[in-house]
Amino acid sequence: TLCSFLPWMVMASMSYFAGWIADRMVINGVNRTKVRKIVQSVAFLGPAVALGPLVTTTDPGVAVVCFTAAMAFLSFSQAGYLANMQDIAPKYAGRLFGLANTAGSLAGILGTTVAGVLIEKTGSWAIVFQLMVGIYVIGLISWNTLCTAEVIFE
């Protein structure tokens, strides 16, 4: 249905926009580390805000809007976290991406399991969405503390 397709369609479209914005910032002389921090901050903070209402809503329309907005903001990670691999490891970006993707897949497996257990124990999705918001906030703080676009692996 359109409701399940819409968030992914918006995410794909916004990925191009995020890349364009990041490129414009770099072309206009903004430090690459600052660019990566800005766009990835959008990718962390946007979904944290967009998913917040899911803690209390029971309206499917609100849920679709929240998920679509979260995916739109999350797409900025294409120009933040994912592009940063090329910055820090130009010769090894493919390998680094593979490692990161593996870690992400493992986190997805664990996250699905934890979500299932939490929903089973509480009978509610609220704790899952609260946890997601918390993880996005921790990611935002960690990213802005540790991120660099300087070459680390030569």
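Scope of this entry: the structure provided in the associated data block. Note that the coordinates shown come from a computational prediction; the quantities given were computed from them, not determined experimentally.

Thresholds, definitions, all that
Residues numbered from 1 in each chain as written. Predicted model: local features only at pLDDT ≥ 70, side-chain atom pairs only at ≥ 80, totals over all residues. Heavy atoms only, no water. Helix = DSSP H or I, 4+ residues; strand = E, 2+ residues; numbered from the N terminus. Contact = heavy atoms within 4.5 Å. Areas by Shrake-Rupley, 256 points an atom, 1.4 Å probe, with all protein chains shown as cover. Lys, Arg positive; Asp, Glu negative; His and termini not counted. Charge placed at Lys NZ, Arg CZ, Asp CG, Glu CD. Axes fitted to C-alpha atoms, helices over the stretch in contact; angles between N-to-C directions. Parallel < 35°, antiparallel > 145°, perpendicular 65-115°, else oblique. Nonpolar A, V, L, I, M, F, W, Y, C, P; charged D, E, K, R; others polar. Expected span 1.5 Å × (residues − 1). Polar contact = N/O pair within 3.5 Å; in protein donor to acceptor, adjacent residues only side chain to side chain. Buried < 20%, exposed > 50% of the residue type's maximum accessible area, 1.4 Å probe, protein only. Salt bridge = Lys/Arg side-chain N within 4 Å of Asp/Glu carboxyl O. Left-handed = near helix turned anticlockwise from the far one by under 90°.

**Re the overall build of the protein chain**
Link 1 in the chain: On a plain count of helices and strands, the protein chain comes out with six helices and zero strands.
Link 2 in the chain: The linear arrangement of helices and strands in the protein chain, starting from the amino end, is α-α-α-α-α-α.
Link 3 in the chain: For the protein chain, the C-alpha atoms occupy an extent of roughly 50 × 30 × 30 Å along the three principal directions.
Link 4 in the chain: Put simply, 75% of the contacts in the protein chain that link residues at least 6 apart link residues at least 24 apart.
Link 5 in the chain: Working note: accessible area of the protein chain is about 9,300 Å², and carbon and sulfur atoms make up 70% of it.
Link 6 in the chain: Seen as two clouds, the 8 positive and the 6 negative side-chain charges of the protein chain have centres 7 Å apart.

**Quick notes on the side chain of Ser75**
Link 1 in the chain: Its location among the elements puts Ser75 in the loop between α3 (60–74) and α4 (81–88).
Link 2 in the chain: Apart from the residues lying within four places of it in its own chain, the contact partners of Ser75 are Met11, Met14, Ser15 and Ala18.

**Focus on the environment of Gly111**
Link 1 in the chain: By the secondary structure assignment, Gly111 is in helix α5 (residues 93–122).
Link 2 in the chain: Distance in space between the C-alpha atoms of Gly111 and Val64 is 21 Å, their sequence separation being 47 residues.

**Points about the packing of helix α2 (residues 32–51) against α3**
Link 1 in the chain: The N-to-C vectors of α2 and α3 enclose an angle of 175°; their axes lie 7 Å apart at closest approach. Looking at the two axes, α2 sits roughly antiparallel to α3. Together, Val42, Ala43, Gly46, Pro47, Ala50 and Leu51 of α2 and Cys66, Phe67, Ala69, Ala70, Phe73 and Leu74 of α3 make up the contact between the two elements.
Link 2 in the chain: When the residues that make up the contact of α2 with α3 are grouped by side-chain class, the tally is eleven nonpolar, one polar and no charged.

**Let's talk about α2**
Link 1 in the chain: The end-to-end C-alpha distance of α2, which contains 20 residues, comes to 29 Å, matching closely the 28 Å that a straight helix rising 1.5 Å per residue would cover.
Link 2 in the chain: Measuring from the backbone nitrogen of Thr33 back to the side-chain oxygen at the start of α2 gives 2.8 Å, which picks out Asn31 as the cap.

**Things to note about helix α6 (residues 126–146)**
Since one α-helical turn is 3.6 residues long, residues separated by three or four positions face the same way.
Link 1 in the chain: With 21 residues, α6 should cover 30 Å at 1.5 Å per step; its first-to-last C-alpha distance of 30 Å lies within 8% of that length.
Link 2 in the chain: For α6, the set of buried residues is Ala126, Val128, Phe129, Tyr136, Gly139, Leu140 and Trp143.
Link 3 in the chain: Buried residues belonging to α6 abut α2, α3, α4 and α5.

**Structural notes on the pattern of salt bridges**
Link 1 in the chain: Per the stated rule, a full pass over the model turns up two salt bridges.
Link 2 in the chain: Ionic pairing is found between Arg32 and Asp87, a salt bridge with its closest N-O pair at 4.0 Å. With a gap of 55 residues between them, Arg32 in helix α2 and Asp87 in helix α4 connect regions that are remote in the sequence.
Link 3 in the chain: Taking the relative accessible area as the measure of exposure, Asp87 reaches 9% and is therefore buried.
Link 4 in the chain: Of the charged contacts in the structure, one is a salt bridge between Asp87 and Arg36, with a shortest N-O distance of 2.6 Å. Placement of the pair is Asp87 in helix α4 and Arg36 in helix α2, with a sequence separation of 51 residues. With respect to burial, Asp87 and Arg36 carry one shared label: buried.

**Overview of the packing of α4 against α5**
Link 1 in the chain: Packing of α4 against α5 leaves a shortest axis separation of 8 Å and a crossing angle of 140°. Classified by the interaxial angle, the pair formed by α4 and α5 is oblique. Handedness of the α4/α5 crossing: right-handed. Contacts from Tyr81, Leu82, Met85, Gln86 and Ile88 in α4 reach Ala93, Leu96, Phe97 and Ala100 in α5.
Link 2 in the chain: Tallied by class, residues from the contact of α4 with α5 come to eight nonpolar, one polar and no charged.

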